[in-house]
Amino acid sequence: MNRGEPGGSGAEPEGPEAPEGAVGAESGPGAPAAVKSAVRTVLLLEHFAARPGLHSLADIQHDLGLPKSSLYMLLRTLVNLGWVETDATGTRYGIGVRALLVGSSYIDGDEVVAAARPTLDRLSDDTTETIHLARRDGTSVVYLATRPSQHYLRPFTRVGRRLPVHSTALGKALLATHSDDEVRALLPRRLEAVTEHTITDRERLVEELALVREQGYAVDREENTLGLRCFGVAVPYRTPARDAVSCSVPVARLTADREQRIKAALFEARDRLSVATRRM
């Protein structure tokens, strides 16, 4: 028996299936039947994606609630295929390089990302600050492309980074393209506090979204990262919008004049992207 391999044999007890709202958890008349092994594989990979580093079989089993014997076999299969990696002992598991290849292919093949590159480059030059293109995924936004600040003091930036939709200028710009009822259906009443400035009351956020619609841009006032203010606009090639562009600036470097120039540059970028993505 390999180290870390669960003992025992025979039929395994059925563990819980995908949690409500998870991939593959569709139900109801006309919904496609979920393939159990496929659902478990996706849940496992998403678990690793949300928790960087290596994890023991016991910890993974505790978090996912899957039968230990089938989880072990699934892990070993994914290790052999390169989707999961292990440490030298073979008892701790983490995301594998194959996941990076697939994630990169999503970015490489996305028409919006390709069409946005010249605009993001120009916006970076115009503002000299950190620029992000992001897409809403449920209650999060995910960075599709970034341009780092040209200054020494700059925020952390990485393609694939996932942030809460309610605490970011990107997310608020996208939420504002939905109706208030749609926003209420999407978000819980009490929102996670990322910083002491995060809006945690859904109704207060709904009120702010009315202002976002009126002024055409959203603001993150140190709600996601202390010391950082962000401005975001939705890209209106779809209704509701699914992509947005933002500019992040350290508060220490933000003057009233600089704020106005950043907003103007974002509006120009939005208009250029509207033309570039018109047929998408």
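All values derive from a computational prediction rather than experimental measurement. One numbering rule holds for all chains: residues counted from 1, following each sequence as written. Only residues with pLDDT of at least 70 get local features here, since the model is predicted, and only at 80 or more are side-chain atom pairs given and counted; chain-wide, interface and lining totals rely on the full set of residues. Working from all heavy atoms in the structure, the side-chain values ignore hydrogens and water.

K.L.:
Help me understand the confidence of the model for the chain, please; the structure alone is not making it clear to me.
P.N.:
Segments scoring low in pLDDT should not have their predicted coordinates read at a detailed level. Across the chain, pLDDT averages 86, with 87% of residues at or above 70. Across the chain, helix α6 (residues 169-175) holds the top mean pLDDT of 98, while helix α4 (residues 97-109) sits lowest at 82. Between residues 1-31, whose pLDDT stays under 50, and residues either more than four places distant or in other chains, the model counts 44 contacts. Summary of the metric used: pLDDT quantifies the predictor's per-residue confidence within the range 0 to 100. Here a strand is any run of E in DSSP of at least two residues, a helix any run of H or I of at least four, and the numbering for each starts at the N terminus. Any pair of residues with heavy atoms lying within 4.5 Å of one another is described as a contacting pair.

K.L.:
Just checking my understanding: could you explain the pairing of strand β8 (residues 228-235) for this structure?
P.N.:
Put simply, side chains in a regular strand alternate between the two faces of the sheet. Here the term buried applies to any residue with accessible area under 20% of the maximum for its type, exposed to any over 50%, and partly exposed to those in between, with areas from a 1.4 Å probe on protein chains only. In terms of burial, β8 is a largely internal element, 7 of the 8 residues being buried. Two strands make a pair as long as DSSP finds a minimum of two bridges between them. Across 4 bridges, the pairing between strand β7 (residues 218-221) and β8 is antiparallel. If you follow D220 over to β8, its bridge partner there is C230. Connecting the antiparallel pair β7 and β8 is a turn made up of 6 residues, with E222 showing a positive phi of about 60°. Pairing analysis gives 8 bridges linking β8 to strand β9 (residues 243-250), with the strands arranged antiparallel. Within β9, the position partnered with C230 by the bridge is S248.

K.L.:
Would you mind going over the environment of N224 with me for this structure?
P.N.:
Of note, N224 is situated in the loop between β7 and β8. Spatially, the C-alpha atoms of N224 and V194 are 5.6 Å apart, while their sequence positions differ by 30 residues. When sequence neighbours within four positions are dropped, the list of residues in contact with N224 reads L163, P164, S167, T168, V194 and T195. We define a polar contact as two N or O atoms separated by no more than 3.5 Å, with the added condition that, inside protein, one atom must be a possible hydrogen donor and the other a possible acceptor, whereas residues neighbouring each other in sequence contribute only through side-chain atom pairs. A distance of 2.9 Å separates a polar atom in the side chain of N224 from a polar atom in the side chain of S167.

K.L.:
Looking at this structure, how should I read the sheet that holds strand β6 (residues 162-164)?
P.N.:
Whether parallel or antiparallel, the strands of a sheet pair through hydrogen bonds between backbone atoms. Across the sheet, which stays open at both edges, the 6 strands sit in the order β6-β5-β4-β9-β8-β7 with antiparallel pairing between neighbours. A single partner strand is all that each edge strand has here, and the edge strands are β6 and β7. Strand-to-strand, the axes of this sheet are offset by a mean angle of 30°, without reference to chain direction. Running at roughly 145° to strand β4 (residues 130-137), helix α5 (residues 111-127) makes contact with β4, β5 (140-147) and β9 of the sheet. Every axis corresponds to a line fitted to the C-alpha atoms, with the helix fit spanning only the stretch in contact, and the corresponding angles, defined between N-to-C directions, vary from 0 to 180 degrees.

K.L.:
Is there a simple way to explain the pattern of salt bridges in this structure?
P.N.:
Any two side chains of opposite charge can pair if their charged atoms end up close together. Any Lys or Arg side-chain nitrogen found within 4 Å of a carboxyl oxygen on Asp or Glu counts as a salt bridge. With the rule as written, the count across this model stands at 18 salt bridges. R253 is the salt-bridge partner of E129, the closest N and O atoms lying 2.7 Å from each other. Of the two residues, E129 is situated in the loop between α5 and β4 and R253 in the loop between β9 and α9 (256-276); the sequence distance between them amounts to 124 residues. Of the two residues examined, E129 and R253, each falls in the buried class. Put simply, K172, E208, R221 and E223 are held in one network by salt bridges that share partners.

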